[in-house]
Amino acid sequence: MIGLEEREDNILYELLVHAEWPLEQEVIGGGVISLGGNFFYRTITQTPANIWALASSLWAYVRSSPAVPPDLAKLVGGGSGWQLGVGAQGAVVVIVQASSLEIRAKKDDFASVVGKNINLYADPFPSWRRVAWSADCSMVGVAYSSGAVEIFNTLGTSIFTIYPPRFREGVTQLDTSNAIAALLFCDIRTQKIKWASELILIDYKGNLRSYFVSPTEGYQESHVFSFSKLYPSGITAAAKHGNLIMVAGSCNYMNDTNLKSSGLGHGITIWRMINDYPFYKHVPTIDEEEYFPPSVELMTRLLGWQQLPHHDCIFHLSVSPSGRQLAALHMSGSLSIWELPSLRKKKFWLLSGQPDHDAVNPATNEYIPGQKQRLLQYAGPLRNHPADLSWWSDVAVILARYSGAVTVSSVNSLRNLLGESPEFLEGVPQISESYDRGFLGLEVESRVNTKRILTGEGPDEEEEYLDSDDEEELSFVQRSHRLAKSALYWVTDAERFRPPSKRPKIVQRTFRLLCLKSTTPEELFARKIENEEYGEALALARSYNLDCDQVYQQQWRRTSVTVASIQDYLAKVHKRSWVLDECIKRVPENIDAARELLLYGLRGTDLEAIIAIGEGEDKGEFIYCDSDLIYDDGLDIDPTEYEVRVQEREAKELKRRHELLTQIDFKNLNSEQKKVIRARQKLLMYLDRLATYEVLLGGAHIAPEHYDATFFDKFRSQSAVSAAVEFARGYDWRGVDAMFTYHGNETLPHQLAILSNFPATMGPFEYRSLLPECEGSEVFCWEQEQLRDDDWCEEPECREAVKEDTEDPAEFLYKENPELRKFQGLNVTAETISLWYQERAREIEKFSHFVDAALDLLKLGRERNVENLEELHDTLDTLEVLVYEAGLYSMTLDTFTSLDDSQKIVQLMSTSTPETYIQNIRRWLIPFLTRCDKWKPGSAKKLLHDYIVTTAKDDLGLPLKILQHSRPDQQAPIISSPEEMMTIALECVYTCEKENQLMRAFAIFECLPVRESG
């Protein structure tokens, strides 16, 4: 608990909106009132009724005093129509609306409704209602202006209703004579009985009724009591603390000036709750022990308020959390603080002496562009008066005024602890007691807009209206003129004298449940950042010496990366590790921003930063390093002179870097220096990848249009080898070309392995520009290009100092296919190149069965002077004929090579028909025999001989065809040697085992050449 001696420190707070209820629009004012006939007609028909009503009112006024003083009626009647009830230190809250109530819980910051009732009695005097929770929060009571009290459970279900004595249901309620001044739950006298709580109802007449209540057992009347002996005119306020009830009202002690320093002199008394009759005992204060009040005359008692002198009565009481102080609001607007239980006056402030009592709500002058709309503010005579009161702590009270101003004021000086000005809520706010470093408030925002109404005479004719604002600006003569017209219209009821009506207005009311909560600078700072209130967050950071970096970091996170955002937000962040992390990890959606972000990171990792870190002068801050050299654009300068200036500038830059490098000992770098150097190396790598990506997109002029941040994020995060392999597997030979050209140091040692990752179905002619080339035993090197000059952090000495043990980024290639390892390295030989071509051709044929693709690769290799490819080329040439011309689609290279040459001949001719036989021999067999003879000289003649003889065993028809096309008179005989013809003819005849081939045998002999005579 906060001690009374606590210093009056300002409260740092935040205003939170927990719930909002926009109501339907309401039309107020306006309209034309017809009085119904002329003056004489109204006099005859309406005067008797008017006289009777007036007489009834006068008699009721003379017969009995009103239930509440007129001043109190103005104060209570001017309040909001909704009520706020908070229970169990803010654990639950009930909002009593016009004809419904909602119950919300703290567990979700009152965001959802846990209980609701939409069948609430529509009270004609809603501001007179009262609401309170039981101690265990099992019940909530709502007291209506009629004096009836309805009890609800936590789900909003009505349990029972308690009616006042002589209550007549269904009778129209005309006043608030039975309204409840205090609705109190107490559990002191119910601890040993079955009832959950005791409900105490005190009306403004001073009558007290007590009931035992339970959510399951209903209610039972306990006792009644009256304060009328001390308060003959009734009470004006009551409050409870523990077993004490504090009551305020107008009493005879208030006439004694000697008691002005005592609570009794202001109408405050204390009553202790007891278990036996009369159930309440007056607790005397120090000034009351030997004091006897003056007698009250009988006439005064009869006439009540009409004859009593005007007293500044108290209309609101609130007990401090410790129970040692009592705060009171007076009808005059004064505020007093009293000691408990002595009721000695501690502090007293008149309305005019209260700081900020006349503060004006800034929203009063709020202007909404394009709309004739303004906030509707309370503008009555009570505008500056306090409307509600509770305690913030034992040293501060919460004051809410009819103007909407809310302050947390010190009880010693009434200084506003919230700052220089009050916090303004809309409408006449209600406030709860303080809990959990804050309090709840209920505000109502009313926005009014003028409404245009067209008459029925025509679509373009508008009825004449008088705005309220215009009426206030009328002169005396204009007012007199309007008054005269009104009088004539009242007498004659003639249309020409009818004054203009006031323009109807549309009022949009919105109720809000708010929480003003004390907070620490750190909590408020974090919430301001979360709510994107960056200006206030920066002001808070500067006031309380907090880290401004967090504001700029949040702005940076929630803003797309552009050149402007880098300068506006990222450049203002001081923490180096965070800035470098953002430069490395964040990928902008724009290629120019991506480049600028990487360059910004590089400027913070240059030599100056490394030196500062080594000397301990950096304090962990991002050190922006930039050359002091002046760069001119060369305009209006002779080209020769410009070249000289460029050379001088480069020389100065080299000298400067050399001097800085001499200050760094790369053998003794600390961990932070190594971390920054590694970040620089990564930034340079990303910058190189961005340049490569720009090339892939077609150049700087069209790259911005096709830039894809998602692709670039993946591309730059891969190793060069991984990227090249992915390009190859994705049929993108241009990507592989770029990786070889601009990242050759990483990719070219694995060139052949990367090329092996092109899909087998992809034609080699598509990536022919990537294939290796030889000239004899010399292998041509790939022509590389440098994207930029080497940086100081890429020097061998620096790389050695900061290198980390990492796995070879190309190792995955050789894990997937260990056979490729023999092709690894920069210095591959011509024999290795030849071997790769052969294995790659076999691989293409094996996985795709595209013999032509494998053959194309070998053709391209031979064009590039790669040796030892002819034999495989011939084999694939024959296989191509078998597959694509002979139609043996299932024939593979492995199967084909497993056959001997005779079997290959059989396969070649297996699909030939008698009609195509000779043609296929010329197209397929003879070229095959020629290739065989090239690798095995003399084998062609034997293979042809064996094939023809073997064929003749069952049928001489095919050998006959061959011999017929081998005769000397043929233009291109198949068998050119006569001796060979004769040998083959004889062997075919002798080999044939069929007896029905005699005629073909004779035909064969006819094909043989005839020996010349002589």
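Note that the coordinates shown come from a computational prediction; the quantities given were computed from them, not determined experimentally.

Cut-offs used in this document
- Residues numbered from 1 in each chain as written.
- Predicted model: local features only at pLDDT ≥ 70, side-chain atom pairs only at ≥ 80, totals over all residues.
- Heavy atoms only, no water.
- Helix = DSSP H or I, 4+ residues; strand = E, 2+ residues; numbered from the N terminus.
- Buried < 20%, exposed > 50% of the residue type's maximum accessible area, 1.4 Å probe, protein only.
- Contact = heavy atoms within 4.5 Å.
- Pairing = 2+ DSSP bridges.
- Axes fitted to C-alpha atoms, helices over the stretch in contact; angles between N-to-C directions.
- Parallel < 35°, antiparallel > 145°, perpendicular 65-115°, else oblique.
- Left-handed = near helix turned anticlockwise from the far one by under 90°.
- Nonpolar A, V, L, I, M, F, W, Y, C, P; charged D, E, K, R; others polar.
- Core = buried A, V, L, I, M, F, W, Y, C linked by side-chain atoms within 4.5 Å.
- Patch = residues over 30% accessible without salt bridge, like charges linked within 9 Å, V, L, I, M, F, W, Y side chains within 5 Å.
- Areas by Shrake-Rupley, 256 points an atom, 1.4 Å probe, with all protein chains shown as cover.
- Salt bridge = Lys/Arg side-chain N within 4 Å of Asp/Glu carboxyl O.
- Expected span 1.5 Å × (residues − 1).
- Phe/Tyr/Trp six-rings, centres within 6.5 Å; stacked < 30°, edge-to-face > 60°.
- pLDDT = per-residue confidence, 0-100.
- Polar contact = N/O pair within 3.5 Å; in protein donor to acceptor, adjacent residues only side chain to side chain.

A. Spotlight on the overall build of the protein chain. Broken down by element type, the protein chain carries 32 helices and 34 strands. Split into buried and exposed, the 1014 residues of the protein chain put 49% on the buried side. Contacts in the protein chain between residues at least 24 apart in sequence constitute 60% of all its contacts with a sequence separation of at least 6.

B. How the structure looks around the sheet that holds strand β16 (residues 244–249). Here we have four strands laid out as an open sheet, ordered β15-β16-β17-β18, and antiparallel in their pairing. Of all the strands in the sheet, the pair left with one neighbour each is β15 (235–241) and β18 (280–283). In this sheet, neighbouring strand axes are inclined to one another by 30° on average, regardless of whether the strands run parallel or antiparallel. Where β15 meets β16, six bridges bridge the pair, whose relative direction is antiparallel. When the bridges of β16 are listed, Lys240 appears paired with Ile245.

C. Molecular detail of the packing of helix α27 (residues 901–909) against helix α28 (residues 917–935). At their nearest, the axes of α27 and α28 sit 10 Å apart, and the two run at 155° to each other. Taken together, α27 and α28 sit at an angle that is classed as roughly antiparallel. Crossing geometry of α27 relative to α28 is assigned as right-handed. Residues Asp901, Lys904, Ile905, Leu908 and Met909 of α27 lie in contact with α28, whose contacting residues are Tyr917, Asn920, Ile921, Trp924, Leu925, Phe928, Leu929 and Cys932. Partitioning the contact of α27 with α28 into residue classes produces ten nonpolar, one polar and two charged.

D. How the structure looks around the nonpolar core. The biggest cluster of nonpolar side chains holds 150 residues, and the ones touching the most others in it are Leu570, Ile677, Tyr707, Leu876 and Ile975. Per-element accounting of this core gives the leading share, nine residues, to helix α14 (residues 671–696). Apart from residues lying up to four places away in sequence, Ile975 is in contact with Leu944, Ile948, Ile962, Leu963, Ser966, Glu980, Met981 and Ile984. Val76, Ala181, Leu208 and Tyr253 belong to the second largest nonpolar core, which has 49 residues in total.

E. Highlighting a nonpolar patch on the surface. Together, Leu986, Tyr990 and Phe1005 make up an exposed nonpolar region whose accessible area comes to about 350 Å². Relative to the helices and strands, Phe1005 resides in helix α32 (residues 998–1007). Residue Phe1005 is classed as partly exposed on the basis of its relative accessible area of 37%.

F. Broad picture of helix α23 (residues 830–848). Along its 19 residues, α23 runs 27 Å from first to last C-alpha, staying within 8% of the 27 Å computed at 1.5 Å per residue. Here the buried face of α23 lies against α20 (751–755), β33 (774–775), β34 (778–779), α24 (851–863), α25 (870–885) and α26 (893–897). At the C-terminal side of α23, His849 shows a positive phi close to 60°.

G. Molecular detail of the pairing of β18. Of the strand pairs in this sheet, strand β17 (residues 268–273) and β18 are connected by four bridges, and their pairing is antiparallel. Within β18, the position partnered with Ile270 by the bridge is Val283. Where β17 folds back on β18, the antiparallel hairpin that results is connected by six residues, among which Phe279 adopts a positive phi of roughly 80°.

H. Highlighting the sheet that holds strand β20 (residues 325–330). With respect to topology, four strands assemble into an open sheet ordered β19-β20-β21-β22, the strand pairing being antiparallel. The open sheet has two free edges, formed respectively by β19 (314–319) and β22 (345–349), since each of these has just one partner strand. With direction set aside, neighbouring strand axes in the sheet form an average angle of 15°. Sheet analysis places β20 next to strand β21 (residues 335–339), joined by five bridges and oriented antiparallel. Residue pairing across strands places Leu326 opposite Trp338, the latter belonging to β21.

I. Here's a closer look at the packing of aromatic side chains. Going through the model one piece at a time under the given rule, you end up with 27 aromatic pairs. With centroids separated by 5.8 Å and ring planes inclined at 40°, the aromatic side chains of Tyr600 and Tyr624 adopt a geometry described as tilted. Of this pair, Tyr600 sits in helix α11 (residues 591–603) while Tyr624 sits in the loop between α12 (607–615) and α13 (639–661); the two residues are 24 residues apart in sequence, bridging distant segments of the chain. The class for Tyr624 is partly exposed, based on a relative accessible area of 42%. Aromatic pair Tyr693 and Phe715: ring centres 6.4 Å apart, planes at 50°, arrangement tilted.

J. Seen up close, the pattern of salt bridges. Within this structure, the stated rule accounts for 41 salt bridges. With its nearest N and O atoms 3.5 Å apart, the salt bridge here joins Arg447 to Glu445. A salt bridge links Arg680 to Asp791; the nearest nitrogen and oxygen atoms lie 2.9 Å apart. On the criterion of sequence distance, the pair formed by Arg680 in helix α14 and Asp791 in the loop between β34 and α21 (796–802) is long-range, its members being 111 residues apart. Residue class for Asp791 comes out buried when judged on its relative accessible area of 11%. Here the residues in one salt-bridge network are Asp606, Glu608, Glu653, Arg656, Arg657, Arg680 and Asp791, joined through shared partners.

K. How the structure looks around unusual backbone geometry. Following Tyr277, the chain continues to Pro278 via a peptide bond in cis, the omega torsion being 5°. In this structure, Pro278 sits in the loop between β17 and β18. Of note, the amide linkage connecting Leu340 to Pro341 takes the cis form, showing an omega dihedral of 5°. The backbone phi angle of Leu343 is positive, close to 55°, even though this residue is not glycine. Residue position: Leu343 is located in the loop between β21 and β22. Take Leu343: its relative accessible area is 0%, and that puts it in the buried class. Even without a glycine there, the phi angle at Arg437 is positive, about 65°. Here Arg437 is to be found in the loop between β28 (430–431) and β29 (438–450).

L. View of the pairing of β20. For β20, a buried count of six out of six residues is recorded, marking the element as mostly surrounded by other parts of the structure. Side-chain alternation along β20 places Gln325, Ala327 and Leu329 on one buried face and Leu326, Ala328 and His330 on a second face that is also buried. Where β19 hands over to β20, the hairpin turn is made up of five residues, of which Gly323 adopts a positive phi near 80°. Between β20 and β21, which pair antiparallel one after the other, the connecting turn spans four residues, and Gly333 there sits at a positive phi close to 100°.

M. Structural context of helix α30 (residues 957–964). Every buried residue of α30 is listed here: Gly957, Pro959, Leu960, Ile962 and Leu963. Elements in contact with the buried residues of α30: α28, α29 (939–951), α31 (978–991) and α32.

N. Structural detail: the packing of α30 against α32. Two elements in contact, α30 and α32, have axes whose closest approach is 9 Å; the angle formed by their N-to-C orientations is 15°. Compared by their axis directions, α30 and α32 come out roughly parallel. By crossing handedness, the relation of α30 to α32 is classed as left-handed. Contacts from Gly957, Leu960, Leu963 and Gln964 of α30 reach α32 at Arg1000, Ala1003, Ile1004 and Cys1007. Taken together, the residues of the contact of α30 with α32 break down into five nonpolar, two polar and one charged.

O. Looking closely at the side chain of His385. By the element assignment, His385 lies in the loop between β23 (373–375) and β24 (386–393). Not counting residues up to four positions away in its chain, the partners in contact with His385 are Met331, Ser332, Gly333, Leu351, Arg401 and Tyr402.

P. Molecular detail of the environment of Lys528. Along the chain, the position of Lys528 falls in helix α6 (residues 521–530). On the basis of relative accessibility, which here comes to 17%, the residue Lys528 falls in the buried class. Sequence separation between Lys528 and Val551 is 23 residues, and the spatial gap between their C-alpha atoms is 9.0 Å. Lys528 has contacts with Glu533, Glu536 and Ala537, leaving out every residue within four places of it along the chain.

Q. Main features of the environment of Asp969. Along the polypeptide, Asp969 turns up in the loop between α30 and α31. Residues Asp969 and Pro1009, spaced 40 residues apart in sequence, show a C-alpha to C-alpha distance of 9.7 Å.

R. View of the confidence of the model for the protein chain. Taken residue by residue, the protein chain gives an average pLDDT of 83. The fraction at 70 or more is 85%. A low-confidence stretch, residues 1–6 (pLDDT under 50), is modelled with eleven contacts involving residues beyond four sequence positions or located in other chains. Low confidence marks residues 301–308, where pLDDT is under 50. Its contacts with residues over four positions away, or in another chain, come to 16 contacts.

S. View of the side chain of Ser336. Within the fold, Ser336 resides in strand β21. Looking at Ser336, its side chain comes within polar contact range of the side chain of Trp338, at 2.7 Å. Non-local contacts of Ser336, meaning those with residues more than four positions away in its chain, are made with Leu326, Ala327, Ala328, His330, Lys347 and Phe348.

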